Amino acid sequence: MNQFTYVGTELELFAQAKNWKNYIRVLLSKYIKGDVLEVGAGIGSNTRLLCRSQYSQWLCLEPDNQLFHALEQSIDLNGIINCYARNGTIDSLTNEQFFDSILYLDVLEHIPNDNQEVIKVSQHLKANGNLVILGPAHQRLFTPFDAAIGHYRRYSQSSLKAIIPDNLKIVKCLYLDSVGLLASLANKLILKQSQPTLKQIQVWDSLMVPISRTLDPIFRYRLGKSILLIAKKYPDQIDKG
């Protein structure tokens, strides 16, 4: 029996962030293909959104027992075909399991040894497969909210790139949500909340995210409170350590 317990209580709140999740879906859709592994799938809110992409099979890993049962129900209730949930971590995978796309969506920052995690999961990536990492940006923005939901860190481009093993090639590394960066600064300097309210999530999602979608490319994805990295395993990198 898996003993991991997720300490956060924000998953239902952020499941309401439809504009943000659609923004992510547009950015990620072309990197999701074939056999997909979603690590730390939570209650399945990202699964429900991203499974609109073309895929063969989708495996969701979730180590928290309670979240795992909610995830199973979400998959069943939404009729997501060829999608399966497993209560565990990447250590639950067999040596014969390989994937075309591996997703860490607001997950890697919850893992104590993120470098070893990425090294291990890269061994399960097929040739031409994509590793997708989305997480919170800028350690200086670390707040009581981060601590309350079990974050070990926030990432810069340099710190996130540093944990990618040599057998993968970084395709892109972008900051996202330039306007939301202002909200994070306000929480860091003024509000110092350990949990946003539903109203705050709605204001951010309905007002700030649409503006960020316009401004982020203008700023060349150099500003934002979130960070997105895509890495690929090219055939000539398979045997590299």
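Residues numbered from 1 in each chain as written. Predicted model: local features only at pLDDT ≥ 70, side-chain atom pairs only at ≥ 80, totals over all residues. Heavy atoms only, no water.

Trainee: Can you help me understand the overall build of the protein chain in this one?
Mentor: Summing up its helical and strand segments, the protein chain has nine helices and seven strands in all. On C-alpha atoms alone, the protein chain measures out to a radius of gyration of 17 Å, which is about the 18 Å that the 2.2 N^0.38 rule sets for 241 residues. Counting only residues that meet the buried cut, the protein chain has 51% of its 241 residues in that class. Taking the intrachain contacts of the protein chain between residues at least 6 apart in sequence as the baseline, contacts between residues at least 24 apart amount to 79%. (Helix = DSSP H or I, 4+ residues; strand = E, 2+ residues; numbered from the N terminus. Rg over C-alpha atoms; globule rule 2.2 N^0.38 Å. Buried < 20%, exposed > 50% of the residue type's maximum accessible area, 1.4 Å probe, protein only. Contact = heavy atoms within 4.5 Å.)

Trainee: Explanation requested: the pairing of strand S2 (residues 57-61) in the structure shown.
Mentor: The side chains of a regular strand alternate between the sheet's two faces. With four of five residues buried, S2 is to be regarded as a mostly interior element. Pairing analysis gives five bridges linking strand S1 (residues 35-39) to S2, with the strands arranged parallel. Counterpart to Val 39 in the pairing with S2 is Leu 61. Regarding topology, helix H3 (residues 45-50) serves as the crossover connection from S1 to the parallel S2, and that connection is right-handed. (Pairing = 2+ DSSP bridges. Right-handed = clockwise from strand over helix to strand, strands pointing away.)

Trainee: Please explain the pairing of strand S5 (residues 125-136) as it appears in this structure.
Mentor: The element S5 is largely enclosed, with a buried count of nine among its twelve residues. Examined bridge by bridge, strand S4 (residues 99-105) and S5 share six bridges and lie parallel to one another. Residue pairing across strands places Ser 101 opposite Asn 130, the latter belonging to S5. Crossover handedness for the path S4 to helix H5 (residues 114-122) to S5: right-handed.

Trainee: Honestly, helix H2 (residues 18-28) in this entry has me stumped. Any pointers?
Mentor: Along an α-helix, residues three or four apart share an orientation, since each turn contains 3.6 residues. Taken together, the buried positions of H2 are Trp 20, Lys 21, Tyr 23, Ile 24, Leu 27 and Leu 28. Down the axis of H2, the buried side of the element spans an arc of 155°, and every buried residue falls inside it. (Arc of directions from axis to C-beta.)

Trainee: Sorry if this is basic, but what is going on with a nonpolar patch on the surface here?
Mentor: Taken together, the side chains of Ile 218, Phe 219 and Leu 223 define a hydrophobic patch exposed on the protein surface, amounting to about 270 Å² of accessible area. Along the chain, Leu 223 turns up in the loop between helix H9 (198-218) and strand S7 (226-233). Residue classification places Leu 223 among the partly exposed residues on the basis of a relative accessible area of 37%. (Patch = residues over 30% accessible without salt bridge, like charges linked within 9 Å, V, L, I, M, F, W, Y side chains within 5 Å. Areas by Shrake-Rupley, 256 points an atom, 1.4 Å probe, with all protein chains shown as cover. Salt bridge = Lys/Arg side-chain N within 4 Å of Asp/Glu carboxyl O.)

Trainee: Can you walk me through the packing of H2 against H9 in this structure?
Mentor: Each pair of packed helices can be summarised by the angle the axes make with each other and by the distance between the axes. Orientation of H2 relative to H9, taken along the N-to-C sense of each, is 30°, at an axis distance of 8 Å. Comparing their axes, H9 and H2 come out roughly parallel. Along its contact with H2, which presents Lys 18, Asn 19, Trp 20, Asn 22, Tyr 23 and Val 26, the element H9 presents Trp 204, Asp 205, Ser 206, Val 209, Pro 210, Ser 212, Arg 213 and Asp 216. Among the residues making up the contact of H2 with H9, the classes are represented as six nonpolar, four polar and four charged. (Axes fitted to C-alpha atoms, helices over the stretch in contact; angles between N-to-C directions. Parallel < 35°, antiparallel > 145°, perpendicular 65-115°, else oblique. Nonpolar A, V, L, I, M, F, W, Y, C, P; charged D, E, K, R; others polar.)

Trainee: What is the right way to read the side chain of His 110 from this model?
Mentor: Position of His 110 relative to the elements: it lies in the loop between S4 and H5. With near-sequence residues (within four places) excluded, His 110 lies in contact with Tyr 6, Ile 149, Gly 150, His 151 and Tyr 152.

Trainee: Can you walk me through the packing of aromatic side chains in this structure?
Mentor: Two measures describe an aromatic ring pair: the distance that separates the ring centres and the angle between the ring planes. This structure, assessed with the given rule, holds five aromatic pairs. Measuring from centroid to centroid gives 5.7 Å for Trp 20 and Trp 204, while their planes differ by 50°, and the two rings are tilted. Placement of Trp 20 in helix H2 and of Trp 204 in helix H9 is noted, with a sequence separation of 184 residues between them. Of the residues examined, Trp 204 reaches a relative accessible area of 6% and is grouped as buried. Taken together, the ring pairs in this structure connect Phe 14, Trp 20, Tyr 23, Phe 145 and Trp 204 into an aromatic cluster. Cation over ring: Lys 225 sits above Trp 20, and NZ or CZ is 5.2 Å from the ring centre. (Phe/Tyr/Trp six-rings, centres within 6.5 Å; stacked < 30°, edge-to-face > 60°. Lys NZ or Arg CZ within 6 Å of the ring centre and 35° of its normal.)

Function cannot be inferred from these measures alone, as they are strictly geometric.
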